[in-house]
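A closer look at the structure
Listed below, chain by chain, are the residues.
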Amino acid sequence: MEFGFGDFETVTDSIEIKKAKKFDRGWSVRDGGSIHSIPLLVDNMIIFGSADKYVYSIDAKTGNEIWKCRTDGQIFASSPAYSDGSIFIGSYDGFLYSIDVEKGTLNWKFKTGGKVCGCLPCISEGLVYFGSQDGFMYALEERTCKVVWKFKTGGEISVPATVHDDMAFIGSYDGYFYALDKKTGHLIWRFKSGGEIFNETPFNVYDNIIYVASNDNFLYALEVETGKELWRFKTGKYGNSCSAVMHKNILYHQSRDGILYAITKYGHELWRFQAGSLLAVEPRIYDDKI
């Protein structure tokens, strides 16, 4: 199935969802103005990427454009991160871009061997961590884009990197979830799920437990230090592509079937809510409302 976002029209009754062996083969994107990027708020600027190949900065109060910076590929399922005056964002052209947040000018761009898609870079102690569909996780110097290390997985990477304490985490289409030393890139442990791991938001850690959603229809609770599986929770038929969120010792997780689950920290279901369509981003909770 291929989606174009120019003159877009479809009849939803004619679409059948099927779980494919390779998750990213189920769709592609062409040029257009669609926005599939989590906006970033920096001071009074809202910054986001678009499928028309541009990164935009707009005034949060007026909606007026402050600047835009062109990449050479669509920005789709990749979101900007901010650190020390710079924006970091990935593009379908295979580059990670560093952009001056005030001027919208390019600081540097770093070439990978595949699309940088589904990426939300993680910045920690002067390093930028991210994955590419070339199968590598990269750690670059924030200022210079010098490669500090890179780690090869067995499949494409279309998930945000997560850093917790001295460890860096990444999931891959090879079905593995990896824990690496954040300074050296050396493997600490890896955990095998039964499907591709594809998240659009970072993996969340609570009380030294990291929660990993896989396209095999399970949500896993793993010990941070060892990767030991504590429990798994079965979702629907069409996989998972978002992180679980903890609020008052309750996990909230939504699956691609359009179901929002409330789960105890021990992996037991409290309740579920059936939405009318696919749910593919983690829930937000404010004032006891989801």
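What you see is a predicted model, and the numbers here were worked out from it, not measured in a lab. (Residues numbered from 1 in each chain as written. Predicted model: local features only at pLDDT ≥ 70, side-chain atom pairs only at ≥ 80, totals over all residues. Heavy atoms only, no water.)

1. Here's the deal with the packing of aromatic side chains
Keep this limit in mind: Two rings belonging to Phe, Tyr or Trp (six-membered ring only in the last case) form a pair when the distance between their centres is within 6.5 Å. Interplanar angles under 30 degrees mark stacking, angles over 60 mark edge-to-face geometry, and anything in between is tilted. Each residue's exposure class comes from its accessible area (1.4 Å probe, protein chains only) as a fraction of the maximum for that residue type: buried when under 20%, exposed when over 50%, partly exposed otherwise. Only Lys NZ and Arg CZ are tested; either one counts as a charge over a ring when it is within 6 Å of the ring centre and within 35 degrees of the ring normal.
Evaluated as defined, the whole model comprises 22 aromatic pairs. A ring pair is formed by Phe-48 and Tyr-56, whose centres lie 5.6 Å apart and whose planes are at 20 degrees; its orientation type is stacked. Exposure class is identical for Phe-48 and Tyr-56. Each is buried. With centroids separated by 6.0 Å and ring planes inclined at 55 degrees, the aromatic side chains of Phe-95 and Tyr-97 adopt a geometry described as tilted. Following the ring pairs from residue to residue traces out a cluster consisting of Phe-110, Phe-130, Phe-136 and Tyr-138. Taking the ring centre of Tyr-54 as reference, the NZ or CZ of Lys-68 above it sits at 4.5 Å. The cationic tip of Arg-190 hangs over the ring face of Tyr-176; the distance from NZ or CZ to the ring centre is 4.0 Å.

2. Section: a nonpolar patch on the surface
Inclusion rule: Residues form patches when they are more than 30% accessible in relative terms and have no salt bridge. Like charges link within 9 Å. Nonpolar side chains (Val, Leu, Ile, Met, Phe, Trp, Tyr) link within 5 Å. Computed with a 1.4 Å probe, the accessible areas rest on the Shrake-Rupley method; for each residue, only the protein chains presented here act as cover. Any carboxyl oxygen of Asp or Glu that lies within 4 Å of a side-chain nitrogen of Lys or Arg is treated as forming a salt bridge with it. Counting from the N terminus, the helices are the DSSP runs of H or I reaching at least four residues and the strands are the DSSP runs of E reaching at least two.
A surface patch of nonpolar side chains, about 410 Å² in accessible area, is lined by Leu-270, Trp-271, Phe-273 and Ile-290. In this fold, Leu-270 is placed in strand S26 (residues 269-274). The class for Leu-270 is partly exposed, based on a relative accessible area of 46%.

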